[in-house]
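Working through the structure, step by step
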Amino acid sequence: MTPIQTTAAKLAGVAVLMTGLSFAAVPFYDWFCRVTGFAGTTLVATQAPDQILDRTIQIRFDASTDAQMPWEFKPMQRTMTVRIGENALAFYEAYNPSDRVVGGTASYNVAPDAAGGYFSKIACFCFTEQILQPGERVQMPVSFFVDPEIVKDEDGKFVKEITLSYTFYETPLTEEQARLEAVPSNKVN
């Protein structure tokens, strides 16, 4: 190999490596945020902690939809005061006013960022795709707690209010999903 061919081969290798790393960056960043709570990403837990503090914190609930999502989506409560470490349950409502079956997936975030690593969800509608029939209205629960470790964090100890935000995006349905009938137990009058 000539020096020019060697240089060209090395540059091609660097280009392939950089392309591969660019595709790995998004899943790696998502994993990093979920593990650390960075950028307001909430954590997932299987149960609430044993310790419940006397200190309370106010939780605000926010809801929105993507511009292409036909659903109406809102929190059933705007705020809730919970004790730190206490398992709490909140509800959101989604309504499909369209004349077609619509699937949706919710993304979520917590503000301020300092609270992301301490806000944990035990159960959430955001973990799975939701499918609503035309005219169907559902109430969806979120079971969560604020980890008592927040009071030991240099920034987290000053947090008095946390906002939990969800945005629903329409997701494509398979032909089989589009033909599904609503399960009566999911309907809210």
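The paragraphs below set out a description of the structure included in this document. Positions within a chain are numbered from 1, following the residues in the order the chain's sequence is written. With pLDDT at 70 or above as the cut-off, local features in this predicted model cover only qualifying residues; side-chain atom pairs require 80 or more to be listed or tallied, and sums for whole chains, interfaces and linings still use all residues. Side-chain measures were taken over the full set of non-hydrogen atoms in the model, leaving aside hydrogen atoms and water.

It is worth spelling out the pattern of salt bridges at this point. Two side chains carrying opposite charge are able to pair once their charged atoms lie near each other. Salt-bridge detection follows one rule: a side-chain nitrogen of Lys or Arg within 4 Å of a carboxyl oxygen of Asp or Glu. Summed over the entire model, instances satisfying the criterion amount to five salt bridges. Note that Arg-137 and Glu-93 form a salt bridge whose closest N and O atoms lie 3.1 Å from each other. With Arg-137 in strand β9 (residues 137–146) and Glu-93 in strand β5 (residues 88–95), this residue pair connects regions lying 44 residues apart in the sequence. Assessed through its relative accessible area of 8%, Glu-93 is described here as buried. Close ionic contact of Glu-149 with Lys-152 constitutes a salt bridge, the shortest N to O distance being 3.4 Å. Buried means the residue's accessible area, taken with a 1.4 Å probe over protein chains only, is under 20% of the maximum for its type, while exposed means over 50%, and partly exposed covers the values in between. For Glu-149, a relative accessible area of 36% gives the class partly exposed. In this description a helix means any DSSP run of H or I spanning at least four residues, a strand means any run of E spanning at least two, and both kinds are numbered starting from the N terminus.

Time to look at the nonpolar core. In terms of nonpolar packing, the biggest core is built from 37 residues, with Ile-59, Phe-73, Tyr-92, Phe-125, Phe-144, Ile-162 and Tyr-166 touching the most fellow members. When residues of this core are traced back to their parent elements, those giving at least two are β2 (56–65), β4 (79–83), β5, β6 (102–111), β7 (119–124), β9 and β10 (161–171). Looking at this core, the element that brings in the most residues is β9, giving five residues. Dropping the residues within four chain positions of it, Ile-59 is found in contact with Arg-78, Thr-79, Met-80, Val-82, Phe-119, Phe-144, Val-146 and Ile-162. Take the buried Ala, Val, Leu, Ile, Met, Phe, Trp, Tyr and Cys residues and link them wherever side-chain atoms come within 4.5 Å; each set so joined is a nonpolar core. Two residues qualify as a contact provided that any one of their heavy atoms is within 4.5 Å of a heavy atom in the partner residue.

Turning our attention to the packing of aromatic side chains. In this scheme Phe, Tyr and Trp rings, the latter by its six-membered ring, pair at centre separations within 6.5 Å, and the angle between planes marks the pair as stacked below 30 degrees, edge-to-face above 60, and tilted otherwise. For the coordinates displayed, the defined rule picks out twelve aromatic pairs. Ring geometry for Phe-125 against Phe-168: centres 5.8 Å apart, planes inclined by 15°, an arrangement best described as stacked. Residue Phe-125 is located in the loop between β7 and β8 (130–132), and its partner Phe-168 is located in strand β10; the two are separated by 43 residues in the primary sequence. According to the relative accessible area criterion, Phe-125 is buried, its value standing at 5%. These aromatic residues form a ring-pair network of at least three members: Phe-61, Trp-71, Phe-73, Tyr-92, Tyr-108, Phe-119, Phe-125, Phe-144, Tyr-166 and Phe-168. Remark: a charge is flagged as sitting over a ring if the NZ atom of Lys or the CZ atom of Arg is within 6 Å of the ring centre and within 35 degrees of the ring normal. The ring of Tyr-108 has Lys-121 lying over it, and the distance from NZ or CZ to the ring centre is 3.0 Å. Directly above the aromatic system of Tyr-95 lies the positively charged group of Arg-137, at a separation of 4.2 Å from the ring centroid.

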